[in-house]
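# Remarks on the overall topology
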Amino acid sequence: STDDHGQKVGPTLQLPLPEGGTHRSPSLSRDGRWMAYDSSNANRPNTILVRDLNAGTDHLLDDKERNPLEGGDASISPDGSNVVFQRDCKKGRFPDDSEEPFPCSFVVPVAGGRPEQICERCGPRGFTSDGSTILFQKYDETDPNKDRIVAVDLRTRTERPFLSHPDKPLFHPFFSWDDRWVVFKKLQSLDVNQSPSQILIAPVRHGLAGKEAEWIAVTDGRYSDDKPQFSPDGNTLYFTSTRDGYLCIWAQRLDPATKHPLGAPFPYEHFHNSAGRAGAIFQRNFSDLSVARGKILINLPQIHSDIWMTQIE
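The model shown is predicted, which means the values in this text are computed figures rather than measured ones.

## Points about the state of the cysteines
- Overall, the coordinates contain two disulfides when judged by the stated rule.
- Disulfide pairing is shown between Cys-89 and Cys-104; the S-S distance is 1.9 Å. Taking the torsion about the S-S bond as the criterion, the Cys-89 to Cys-104 disulfide, at about 110 degrees, is right-handed. Remark: Cys-104 occurs in strand β7 (residues 101-109) and Cys-89 occurs in strand β6 (residues 82-93); sequence separation between them is 15 residues.

Below you can see the structure in the form of structure tokens.
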């Protein structure tokens, strides 16, 4: 549990979810009541679910067109009314992996309805506070170094450029809760599982992100820092990092006016256990972070190895 100013105020607890499955990409509504996520098990691979965290009940949104056990990103709107999620695109493959299809993104009301495709070669991330615009990771058809960030207006279904870099891919964009800033990650190389990466903040004016000269470096790019999110008041930044050999939640205080870092990053929650170790190995595919009023969610992989015996004659 956490407060609006980024202070930890309660214990860290494991969320009860069905055993024997893989649960990824948790995304919270801002009031902390609703969680969208991807869930896979042997009987129902890759479902997109919404959980009412007050009641502990799940509601199925989608169970189609994702590679079994591969997972797909999901992002819920701030008020919990809509979810944007991934399916496999019907055409196109990542240029560095001929077997993995590009993701396409769909929007569906939590109350029910038919999903509608809104973006090709993209994965959903952060919404504006009114839920009218969502940022996507946009994958280039031929050059992974040109992966960038685009914004889609959900009212008009129009896509426009938002953030890009001439020779480094950008990922994981999220708005501050007042929509005046955006945080994102710049990869230092294309080894996305282990590559060092830098977390940056850009100002947002009239729906447009500031150019590279205005970008604010939050981390120094020496570590594998990932999945950044603002606190509700915008004065603390949370992110995952493997800088101590485990996947843990770290935090950075920010100047309230300029968003420049105040002091050094500090550990917010350590996971110095088997899950944290596995998270450090499989950071890209298995772990994500989501912040709401009063709580933070992170998913961590659990890897088990069993020994079996049989008799022979």
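## Structural notes on the sheet that holds strand β20 (residues 248-253)
- What the four strands build is an open sheet, ordered β18-β19-β20-β21; its pairing is antiparallel. Among the strands making up the open sheet, the edge pair consists of β18 (225-230) and β21 (266-269). Strand-to-strand, the axes of this sheet are offset by a mean angle of 35 degrees, without reference to chain direction.
- In this sheet, β20 lies alongside strand β19 (residues 236-241) in antiparallel orientation, the contact comprising six bridges. Looking at the pairing, Thr-240 lines up with Ile-249 of β20.

## Details of the sheet that holds strand β2 (residues 34-40)
- Within the open sheet, the four strands sit side by side as β1-β2-β3-β4. Their pairing is antiparallel. Lying at the two open borders of the sheet, with one neighbouring strand each, are β1 (22-28) and β4 (57-62). On average, adjacent strands in this sheet sit at an angle of 30 degrees to one another, irrespective of strand direction.
- Pairing analysis gives five bridges linking strand β3 (residues 47-52) to β4, with the strands arranged antiparallel. Its bridge partner being in β4, Arg-51 is matched across the sheet by Asp-58.

## A word on the packing of aromatic side chains
- Scanning the entire structure with this criterion turns up five aromatic pairs.
- For the ring pair Tyr-139 and Phe-171, a centre distance of 6.3 Å and an interplane angle of 40 degrees mean the geometry is tilted. Of this pair, Tyr-139 sits in the loop between β10 (133-138) and β11 (148-153) while Phe-171 is found in strand β13 (residues 170-175), placing the two residues 32 residues apart along the sequence. Comparing Tyr-139 with Phe-171, the two get one shared label, buried.
- Measuring from ring centre to ring centre gives 5.3 Å for Tyr-238 and Tyr-268, while their planes differ by 75 degrees; the resulting arrangement is edge-to-face. You can see Tyr-238 sitting in strand β19 and its partner Tyr-268 sitting in strand β21, a full 30 residues away along the chain. Here Tyr-238 matches Tyr-268 in class, with each residue buried.
- Stacked on the ring of Phe-106, the Lys or Arg Arg-87 has its end atom at 4.6 Å from the ring centre.
- Geometry around Tyr-246 places Arg-277 over its ring, the cationic atom sitting 4.6 Å from the centre.

## A closer look at empty space enclosed by the protein
- All chains considered together, the criterion is met by two cavities of 30 Å³ or more.
- Computed from the structure, the largest cavity encloses a volume of approximately 190 Å³.
- Around the largest cavity, the lining is made up of 17 residues, and of these Leu-28, Arg-30, Phe-174, Gln-229 and Val-291 lie nearest the centre.
- Going through the elements one at a time, β1, β5 (74-76), β9 (122-127), β13, β18 and β22 (289-292) are the ones with two or more residues in the lining of the largest cavity.
- The biggest single contributor to the lining of the largest cavity is β9, with three residues.
- Of the residues assigned to the lining of the largest cavity, the class counts are nine nonpolar, six polar and two charged.
- In terms of lining residues, the second largest cavity is bounded by Ser-25, Pro-26, Ser-27, Ala-74, Ser-75, Pro-124, Arg-125, Phe-174, Gln-229, Asp-288, Leu-289 and Ser-290.
- When residues of the lining of the second largest cavity are traced back to their parent elements, those giving at least two are β1, β5, β9 and β22.

Cut-offs applied
- Residues numbered from 1 in each chain as written.
- Predicted model: local features only at pLDDT ≥ 70, side-chain atom pairs only at ≥ 80, totals over all residues.
- Heavy atoms only, no water.
- Disulfide = S-S within 2.5 Å.
- Helix = DSSP H or I, 4+ residues; strand = E, 2+ residues; numbered from the N terminus.
- Pairing = 2+ DSSP bridges.
- Axes fitted to C-alpha atoms, helices over the stretch in contact; angles between N-to-C directions.
- Phe/Tyr/Trp six-rings, centres within 6.5 Å; stacked < 30°, edge-to-face > 60°.
- Buried < 20%, exposed > 50% of the residue type's maximum accessible area, 1.4 Å probe, protein only.
- Lys NZ or Arg CZ within 6 Å of the ring centre and 35° of its normal.
- 1 Å grid on protein atoms, 1.4 Å probe; cavity = no way out; pocket = protein on both sides within 12 Å on 5 of 7 lines; lining within 4 Å.
- Points joined across faces, edges and corners; volume = space filled by probe spheres on them.
- Nonpolar A, V, L, I, M, F, W, Y, C, P; charged D, E, K, R; others polar.

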